[in-house]
Structure formats: structure tokens, C-alpha cells
Amino acid sequence: FVVSLETNYKQYMAMKTNSFKPITNPFLKNIEFVSPNTPGLFFNSQSGVLNIFNNIKSRKAEGTPLYLVDLQSTLTSMIDDMIIFDIRITYSIMVEIAEENMSEDDIKQILNVEVPECMYDYVRVCVWEIIKKADLSPFMMGDFDSTIRNAPTTSFFEDDKLDSTLFDEDNGNVFPF
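Only a predicted model underlies this, so the values are computations on that prediction, with no experimental measurement involved.

**Student:** Explain the overall build of the protein here, please?
**Tutor:** A count of helices and strands for the protein gives 4 helices and 9 strands. Seen in sequence order, the protein has helices and strands lined up from the N terminus as α-α-β-β-β-β-β-α-α-β-β-β-β. Taken across its 177 residues, the protein has 39% of its residues classed as buried. For the protein, the proportion of contacts with a sequence separation of at least 24, taken over those separated by at least 6, is 68%. For the protein, the exposed area adds up to about 10,200 Å²; of that, 51% sits on carbon and sulfur atoms.

Here it is as C-alpha cells:
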């Protein structure tokens, strides 16, 4: 489903919602993976505990109806005080919101729930692939409702404006809108 969704993502989202229009497909912005205690963990039969934290950041391009939304997920699995793995992943998307006749609460709902929901399966698949490639026990994140709405999640709406370009500070690249 995710592969076919990627090729027709904009058409799919246009049919699904009238509240926002994707300008870009969801894209992987950052990923970090550490598993500091392998291969020693392969000989441990204890079950681990998994903590999932999500953070949603939204930034508006000044003078436009465009928003950049980031879904940042951190998954940390531990046995006692020993880290099994730590994954930090950020997916982003640029969307356009027709703001006329919308309250600030409506816009926040779109940016903090509807838009992240459309990126969530990309995060799930990426986490699945990382765990599989690390030869750890299979794990699939829960669905959007249980993970985003009910898990420890920080979500906020940033009013700091995007410049007319996006700047990648790590590599010194400038990406025009």
C-alpha cells in the first residue's frame, strides 16, 4: 500500500481531505539509529520495554498559505538500563492550507493531527526496515491513533516563519521553495 501511495500521493490526499493540499510528498529529513549493546543482546532472553515519543513541528512560510510540517519520532527499547536500540526519525511534508474562514484551532488540528497522520505510515515502514536490517526481533509500530493520540507526545505550533528558502545547515545547501 505504501509503495502505491508514494506514486499517487498527491491525488490520494486530494481525495481524502479538502483541508490541506500536499505540495511535496512526505520526505525523510533525518534518521539516526544506534544499537550499542549488540551482539551481546542476541544472547539475552529477557523482554525489552519500548518507549515511543512523537513531536510535531509546524512552520509557516511568511505571506503564503504554505506550511512545513515535521513528524519527529523517537523509539528507545531497553532491558533494565541497557539500550537495545534507539531510533530518531523525522519525516517532513510541505502543505498548503486554505486558511480563509478557518480558526486558529482548525489550523492547529490540521497541522498537529491530519498532516502527521498522512506521514505516519512512512515512519512505520522505515522503523520496520531498520529493525529488520539490524537483525533484531520484528516490531511494527501501532496505528496512528494509538501511537500519536495516546502515547507520550509533544505537539506544538511554531509561529516562527519559514524563510523563502529552506537552508540545510549541515551541508550548506539552500533549497528554494
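That shown, we press on.
**Student:** I would appreciate a short explanation of the nonpolar core in the present structure.
**Tutor:** Formed by 33 residues in total, the largest nonpolar core has its most connected members in V69, I87, V95, I97, V115 and M119. For this core, the element with the highest residue contribution is helix α3 (residues 104-133), accounting for 14 residues. In this view, I87 contacts E32, F33, S73, T74, L75, V127, I130 and I131; residues no more than four positions away in its chain are not counted.

**Student:** Honestly, unusual backbone geometry in this entry has me stumped. Any pointers?
**Tutor:** Apart from glycine, the bulk of residues carry a negative phi angle, and the bulk of peptide bonds sit in the trans form. The phi torsion at D80 lies on the positive side, around 55°, for a residue other than glycine. Its place among the elements puts D80 in the loop between β4 (66-79) and β5 (82-96). Overall, D80 belongs to the exposed group, its relative accessible area being 62%. Even without glycine at this site, N101 takes up a positive phi of about 65°. With respect to the element layout, N101 can be found in the loop between β5 and α3.

**Student:** How should the pattern of salt bridges be read in this particular structure?
**Tutor:** Two side chains of opposite charge can pair, provided their charged atoms sit close to one another. Tallying each qualifying case throughout the model produces 8 salt bridges. Between R59 and D70 there is a salt bridge whose closest N-O contact spans 3.1 Å. Of this pair, R59 sits in strand β3 (residues 49-61) while D70 sits in strand β4, and the two are 11 residues apart along the sequence. Just as R59 is buried, D70 falls in that class too. Here the salt bridges share partners, and the residues they tie into one network are K29, R59 and D70.

**Student:** How do you make sense of the side chain of N54 when you look at a structure like this?
**Tutor:** Mapped onto the fold, N54 is located in strand β3. Within the structure, the side chain of N54 is placed 2.6 Å from the side chain of S73, a separation counted as a polar contact.

**Student:** In this structure, what is going on with the pairing of β5? I would like to understand it.
**Tutor:** Every regular strand shows the same layout, with side chains that alternate between the two sheet faces. Extensive coverage of β5 is indicated by the burial of 11 of its 15 residues. Sheet topology note: the strand β1 (residues 21-22)/β5 ladder contains 2 bridges and is antiparallel. Looking at the pairing, K21 lines up with E96 of β5. Where β4 lies against β5, 14 bridges are found, and the strand directions are antiparallel. Looking at β5, one finds that I79 is bridged to M82.

Conventions adopted
- Residues numbered from 1 in each chain as written.
- Predicted model: local features only at pLDDT ≥ 70, side-chain atom pairs only at ≥ 80, totals over all residues.
- Heavy atoms only, no water.
- Helix = DSSP H or I, 4+ residues; strand = E, 2+ residues; numbered from the N terminus.
- Buried < 20%, exposed > 50% of the residue type's maximum accessible area, 1.4 Å probe, protein only.
- Contact = heavy atoms within 4.5 Å.
- Areas by Shrake-Rupley, 256 points an atom, 1.4 Å probe, with all protein chains shown as cover.
- Core = buried A, V, L, I, M, F, W, Y, C linked by side-chain atoms within 4.5 Å.
- Salt bridge = Lys/Arg side-chain N within 4 Å of Asp/Glu carboxyl O.
- Polar contact = N/O pair within 3.5 Å; in protein donor to acceptor, adjacent residues only side chain to side chain.
- Pairing = 2+ DSSP bridges.

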